[in-house]
Amino acid sequence: MSAGAPRAVVFDSGLGGLTVLGAIRAARPDVDIVYVADDAAFPYGRLSEAALIARVNTVMARIVACHRPGVVVIACSTASTLALPHLRSAYPDLPFVGVVPAIKPAAKASRSGLISVLATRGTVARDYTHALVREHAADCEVTLVGSPVLAPLAEGFLRGEKLDDEAIAREIAPCFVTKDGRRTDRVVLACTHFPLLIEALERLAPWPVAYVDPAPAIARRLDFLLGGAAGTAAGRTGALVFSSGRPPPPRLQKTLLRYGLEFTPTAAIGLETA
Ligand code: DGL
């Protein structure tokens, strides 16, 4: 860590937040990053709303105590769409940047008026998501698709497992809708894990669509909150913390280094499985 640089914690249930981290690094190479993956409780999509709020509160208390961030990016739609109000009232002096399903830009850009939102089942069930649809996509027909499969597949892919094309094709199929000669033209990737699968998502789509990734908007928001000019400290390595404390296998460590992250056992936050 370097003295004086703003410190951002980038937080996700797992490694999906890496897709947000890439955009953050491009926008603000001067920021010291601590990436925290709550792998002990992954996947968040399976947790009830009460259990998820409790878990995120517990993890955040440890993060704040151990890492004293200047800003926290909740790089997880499943957590952001539920827990942000709780976090903001628990830490009124700490700015939080959340991931909002990119329904508004997708609806604006759609020509066919048919858009889909691909997310975890948790995100699809949220009142917050339904409110976004009502407020920003009233002119569109919106298909919400919850997948419990894709985030774990993306984690496996990062660990070097072969992708299961059939499973991916099956999961994304409900996103592709035809109606009165029109067809879906925008699919919102409302889970930060999903852009890790972008090559397969594009290859396995029944027809070409624009997949909408919220990462650049999150990086812009962080830049705005931090203010000031970005530094030029490109290439700085950030700390990677797994809530389980388990070191990643060597192959994954290599992959994580490509994202500019190094597993840091001493940065552990000491949490058990949810
Ligand atoms: N990366 C996550 C999201 O954006 C969560 C996936 C999960 O833990 O189920 O929703």
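Check the entry above for the structure.
No experiment lies behind these values; they were computed from the predicted model shown. (Residues numbered from 1 in each chain as written. Predicted model: local features only at pLDDT ≥ 70, side-chain atom pairs only at ≥ 80, totals over all residues. Heavy atoms only, no water.)

*Asks:* Provide a residue-level description of empty space enclosed by the protein, including the pertinent values.
*Replies:* Here the idea is plain: a probe the size of a water molecule rolls over the atoms and shows the empty space left. By the definition in use, this model includes 1 cavity of 30 Å³ or more. Looking at the largest cavity, its volume works out to about 60 Å³. Lining of the largest cavity is provided by 14 residues; of these, Ser 13, Thr 78, Thr 120, Cys 191 and His 193 occupy positions nearest its centre. Looking at side-chain class alone, the lining of the largest cavity contains 6 nonpolar, 7 polar and 1 charged residues. (1 Å grid on protein atoms, 1.4 Å probe; cavity = no way out; pocket = protein on both sides within 12 Å on 5 of 7 lines; lining within 4 Å. Points joined across faces, edges and corners; volume = space filled by probe spheres on them. Nonpolar A, V, L, I, M, F, W, Y, C, P; charged D, E, K, R; others polar.)

*Asks:* Please give an account of the site of the ligand that cites residues and values.
*Replies:* Taken together, 14 residues lie around the ligand, and Ser 13, Tyr 44, Ser 77, Thr 78 and His 193 are the ones closest in. Contact distances for the ligand include 2.9 Å between an oxygen atom and a backbone N or O atom of Thr 192. At 2.7 Å, a side-chain N or O of His 193 approaches a nitrogen atom of the ligand. When the free accessible area of the ligand is taken as 300 Å², the share hidden by the protein chains comes to 99%. Structurally, the ligand is housed in the largest cavity. A per-class count over the shell around the ligand returns 6 nonpolar, 7 polar and 1 charged. (Near = heavy atom within 4 Å. Polar contact = N/O pair within 3.5 Å; in protein donor to acceptor, adjacent residues only side chain to side chain. Areas by Shrake-Rupley, 256 points an atom, 1.4 Å probe, with all protein chains shown as cover. Sits in = over half its atoms within 2 Å of the grid points.)

*Asks:* Describe in detail helix H2 (residues 49–67), supporting the description with residues and values.
*Replies:* In this model H2 runs 26 Å from its N-terminal to its C-terminal C-alpha over 19 residues, within 8% of the 27 Å that 1.5 Å per residue would give. Listed in full, the buried residues belonging to H2 are Leu 52, Ile 53, Arg 55, Val 56, Val 59, Met 60, Ile 63, Val 64 and His 67. Angular distribution of buried residues about the axis of H2 spans 165 degrees; they occupy a single face of the element. Buried positions along H2 lie against strand S1 (7–12), strand S2 (32–37), strand S3 (71–74), helix H3 (77–90), strand S4 (96–98) and strand S11 (238–242). Count one or two residues on from H2 and you reach Arg 68, which has phi positive near 45 degrees. (Helix = DSSP H or I, 4+ residues; strand = E, 2+ residues; numbered from the N terminus. Expected span 1.5 Å × (residues − 1). Buried < 20%, exposed > 50% of the residue type's maximum accessible area, 1.4 Å probe, protein only. Arc of directions from axis to C-beta. Contact = heavy atoms within 4.5 Å.)

*Asks:* Lay out the sheet that holds strand S9 (residues 186–189) in plain terms, naming residues and giving numbers.
*Replies:* Across the sheet, which stays open at both edges, the 4 strands sit in the order S6-S5-S9-S10 with parallel pairing between neighbours. Each end of this open sheet is capped by a strand with a single partner; those strands are strand S6 (141–146) and strand S10 (210–212). Between one strand axis and the next, the sheet turns by 25 degrees as a mean value, whatever way the strands run. Direction of pairing for strand S5 (residues 114–119) relative to S9: parallel, over a ladder of 4 bridges. (Pairing = 2+ DSSP bridges. Axes fitted to C-alpha atoms, helices over the stretch in contact; angles between N-to-C directions.)

*Asks:* Before we move on, could you go through the layout of surface pockets and cite the residues and values that matter?
*Replies:* Considering only enclosed or pocket space, the largest pocket measures out at about 510 Å³ in volume. For the largest pocket, the lining is made up of 26 residues, of which Gly 98, Val 99, Val 100, Ala 217 and Ile 218 are closest to its centre. Of all the secondary structure elements, the ones that give two or more residues to the lining of the largest pocket are H3, S4, helix H4 (103–109), helix H6 (127–136) and helix H10 (215–226). Sorting elements by how many residues they give to the lining of the largest pocket places H3 first, with 6 residues. Here the lining of the largest pocket is composed, by residue class, of 17 nonpolar, 4 polar and 5 charged.

*Asks:* Outline the pairing of S9, supporting the account with residue identities and numerical values.
*Replies:* Alternating residues of S9 divide into Arg 186 and Val 188 and Val 187 and Leu 189, and every residue in both groups is buried. Across 3 bridges, the pairing between S9 and S10 is parallel. Looking at S10, one finds that Arg 186 is bridged to Ala 210.

*Asks:* Tell me about the nonpolar core, residues and numbers included.
*Replies:* In this structure, Ile 33, Tyr 35, Val 73, Leu 118 and Tyr 211 are the most contacted members of the largest nonpolar core, which totals 52 residues. Phe 11, Val 64, Cys 76 and Ala 83 belong to the second largest nonpolar core, which has 27 residues in total. (Core = buried A, V, L, I, M, F, W, Y, C linked by side-chain atoms within 4.5 Å.)

*Asks:* Outline the sheet that holds S4, supporting the account with residue identities and numerical values.
*Replies:* The strand order across the open sheet formed by 6 strands is S4-S3-S1-S2-S11-S12, and the pairing between neighbours is parallel. Edge positions in the sheet fall to S4 and strand S12 (261–263), since each has one partner strand and no second. Averaged over all pairs of adjacent strands, the angle between their axes in this sheet comes to 25 degrees, without regard to strand direction. Looking at chain direction, S2 and S11 are connected through 4 bridges and run parallel.

*Asks:* An account of the packing of aromatic side chains is requested, with residue identities and associated values reported.
*Replies:* Centre distance and the angle of the planes are the two values used to describe a pair of aromatic rings. Inspection of the entire model under this criterion finds 4 aromatic pairs. Look at Phe 11 and Tyr 44: their rings are 6.3 Å apart centre to centre, the planes differ by 50 degrees, and that puts the pair in the tilted class. Of this pair, Phe 11 sits in strand S1 while Tyr 44 sits in the loop between S2 and H2; the two residues are 33 residues apart in sequence, bridging distant segments of the chain. The interplanar angle of 50 degrees and the centroid separation of 6.2 Å between the aromatic rings of Tyr 91 and Phe 96 together place this pair among those described as tilted. (Phe/Tyr/Trp six-rings, centres within 6.5 Å; stacked < 30°, edge-to-face > 60°.)

Honestly, that's just the spatial picture; any functional story needs more than this.
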